[in-house]
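# Structural description and commentary
Letter by letter, the chains look like this.
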Amino acid sequence: MEVLKQRILQEGVVISDQVLKLDGLLNHQIDPALTMEMGREFAARFRESGVTRVITVESSGIPVAFAAAHELGVPLVFARRKKTLLADPDAYCERVPSFTKGIVTDIMVSREYIHENDRILFIDDIIANGDAARGVIKIIERSGAELVGFGVVVEKCFQAGARTIREQGIPVEALVRIRSLNDGTVQFDDNEM
Ligand code: G4P
Ligand code: NA
Ligand code: NA
């Protein structure tokens, strides 16, 4: 998505060889028009998949997942993060480590909002190692619903998350793929996937 590449070049801040700060468009400030455009792009890529629900994880996945869900005309469910996990028989829970925060969190989805006959599109903002994504995928598997695909705004190709998910046979669509952040420079991978 060319417009997104330009915005990343303008507003992204390379923090290290591993981390690109995107507060100006994903993680702190939201551009509604750009976000709706991202939602339209995801909807176009998954239009034929018979999606019945979109799922994401709070907090930064929510705007773009909302945009995609709106465009597809289906509900959006966001997995919630819990600091302490009381065993809840009415919810699916998974424990996930966090790459940037260096902590472990629990994510939770109520059984009320994910059904075994659902066809689910998972949307997220950034994929690095894919720990949070794997947690969401496990929850979908446990529910008996079908995961029809994973749409991510930014794929960091030099970390294994997206590749691992593709290897599981799940269709992964990235709006922008970043090959490297070495030497303070964002290098895109132009093989659109
Ligand atoms: P993973 O899901 O790919 O494993 O992500 P990981 O656990 O490695 O990363 C945890 C958090 O860090 C995620 O946000 C993820 O989006 C974010 N993250 C990873 N790499 C980068 C990066 O290079 N730039 C930015 N801006 N974020 C990165 P989160 O914990 O879900 O928090 P939130 O943003 O939803 O609040
Ligand atoms: Na994030
Ligand atoms: Na996220």
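Everything numeric here is computed off the predicted structure, so don't read it as measured data.

Our focus in this paragraph is empty space enclosed by the protein. One simple way to see leftover space: roll a probe sized like a water molecule over the atoms. Summed over the entire model, instances satisfying the criterion amount to two cavities of 30 Å³ or more. By volume, the second largest cavity amounts to about 30 Å³. Taken together, Leu25, Leu26, Ile30, Thr35, Met38, Ser60, Pro63 and Val64 form the lining of the second largest cavity. For the lining of the second largest cavity, the secondary structure elements donating two or more residues are α2 (23-27), α3 (32-46) and α4 (62-72). Partitioned by chemical class, the residues of the lining of the second largest cavity number six nonpolar, two polar and no charged.

What follows covers the coordination of the sodium ion (ligand 3). Surrounding the sodium ion (ligand 3) are the protein donor atoms Asp124 (OD) and Asp125 (OD), at 2.4 to 2.6 Å. Separating the sodium ion (ligand 3) from the sodium ion (ligand 2) is a distance of 3.4 Å, and Asp125 supplies a donor atom to each of them. On the accessibility criterion, Asp125 (10% relative accessible area) is buried.

Our next topic: the pairing of strand β4 (residues 76-82). Sheet topology note: the strand β3 (residues 53-57)/β4 ladder contains four bridges and is parallel. If you follow Thr56 over to β4, its bridge partner there is Phe78. Relative to strand β6 (residues 104-110), β4 runs antiparallel, the two sharing three bridges. Within β6, the position partnered with Lys82 by the bridge is Asp106.

It is the contact of helix α1 (residues 2-11) with α3, at a shortest axis distance of 11 Å, that shows an interaxial angle of 140 degrees. Regarding the angle of α1 to α3, the classification is oblique. Crossing of α1 against α3: the hand is left-handed. Across from Val3, Leu4 and Arg7 in α1, the residues of α3 making contact are Leu34, Glu37 and Met38. Within the contact of α1 with α3, the residues separate by chemical class into four nonpolar, no polar and two charged.

So, about the UniProt feature "binding site: xanthine" (unreviewed entry) in the protein chain. Mapped onto this numbering, the UniProt entry gives "binding site: xanthine" (unreviewed entry) at Leu20, Asn27 and Lys156. Within the secondary structure, Asn27 is located in helix α2. For Asn27, a relative accessible area of 30% corresponds to the partly exposed category. Engagement of the side chain of Asn27 in a polar contact is seen with the side chain of Ser60, the distance being 3.1 Å.

With that settled, consider the pairing of strand β8 (residues 146-156). Burial analysis of β8 places ten of its eleven residues in the buried class, which makes it a mostly covered element. Here strand β7 (residues 119-127) pairs with β8 via eight bridges, running parallel. Bridge assignment links Phe122 to a residue of β8, and that residue is Phe150. Following the backbone out of β7, through helix α5 (residues 131-143) and into the adjacent parallel β8, one traces a crossover that is right-handed. Pairing analysis gives six bridges linking β8 to strand β9 (residues 172-180), with the strands arranged parallel. Residue pairing across strands places Lys156 opposite Ile178, the latter belonging to β9. As for the winding sense of the linkage, the β-α-β connection from β8 through helix α6 (residues 161-167) to β9 is right-handed.

About the criteria used
- Numbers given for residues are sequential positions, taken from 1 along each chain in its written order.
- A letter from A marks each chain and a number from 1 marks each ligand, given out in the order of writing.
- Note on the predicted model: pLDDT of at least 70 is required for a residue's local features to be given, and 80 or more for side-chain atom pairs to be given and counted; whole-chain, interface and lining totals, by contrast, use all residues.
- Side-chain numbers come from the whole structure's heavy atoms, not from hydrogens or water.
- In the cavity and pocket records, a cavity denotes points on a 1 Å grid over the protein atoms alone where a 1.4 Å probe fits but cannot get out, a pocket denotes an open set with protein on both sides within 12 Å along at least 5 of 7 lines, and lining residues are residues with an atom within 4 Å of a point.
- Grid points are joined across faces, edges and corners, and a volume is the space filled by probe spheres set on the points.
- Secondary structure counts use DSSP, requiring at least four H or I residues in a row for a helix and at least two E residues in a row for a strand, with both numbered from the N terminus.
- Residue polarity follows a fixed list, in which Ala, Val, Leu, Ile, Met, Phe, Trp, Tyr, Cys and Pro are nonpolar, Asp, Glu, Lys and Arg are charged, and the others, Gly among them, are polar.
- Here a donor is any nitrogen, oxygen or sulfur atom (N, O, S) within 2.8 Å of the metal, with 3.2 Å used for Na, K and Ca; water is not among the atoms considered, so some sites may look incomplete.
- Burial classification: accessible surface area is computed with a 1.4 Å probe over protein chains only, and a residue below 20% of its type maximum counts as buried, one above 50% as exposed, and the rest as partly exposed.
- Here the rule is simple: two strands pair whenever DSSP picks up at least two bridges between them.
- Each axis is a line fitted through C-alpha atoms, and for a helix only the stretch in contact is used; angles between axes span 0 to 180 degrees, taken between their N-to-C directions.
- In these notes the angle categories are as follows: under 35 degrees is roughly parallel, over 145 is roughly antiparallel, 65 to 115 is roughly perpendicular, and the rest is oblique.
- In a left-handed crossing the near helix is turned counterclockwise from the far helix by less than a right angle, and in a right-handed crossing that turn is clockwise.
- Only heavy atoms matter for contacts: two residues are in contact if any of them lie within 4.5 Å across the pair.
- UniProt positions are given in the numbering used here, feature names are shortened, and annotations may be inferred rather than shown by experiment.
- Identification of polar contacts relies on pairs of N or O atoms within 3.5 Å, with a donor-acceptor requirement for protein atoms, meaning one able to donate a hydrogen and the other able to accept it, and with residues adjacent in sequence counted only if both atoms are side-chain atoms.
- Consider the strands pointing away from the viewer: the crossover is right-handed when the path from the first strand over the helix to the second runs clockwise.

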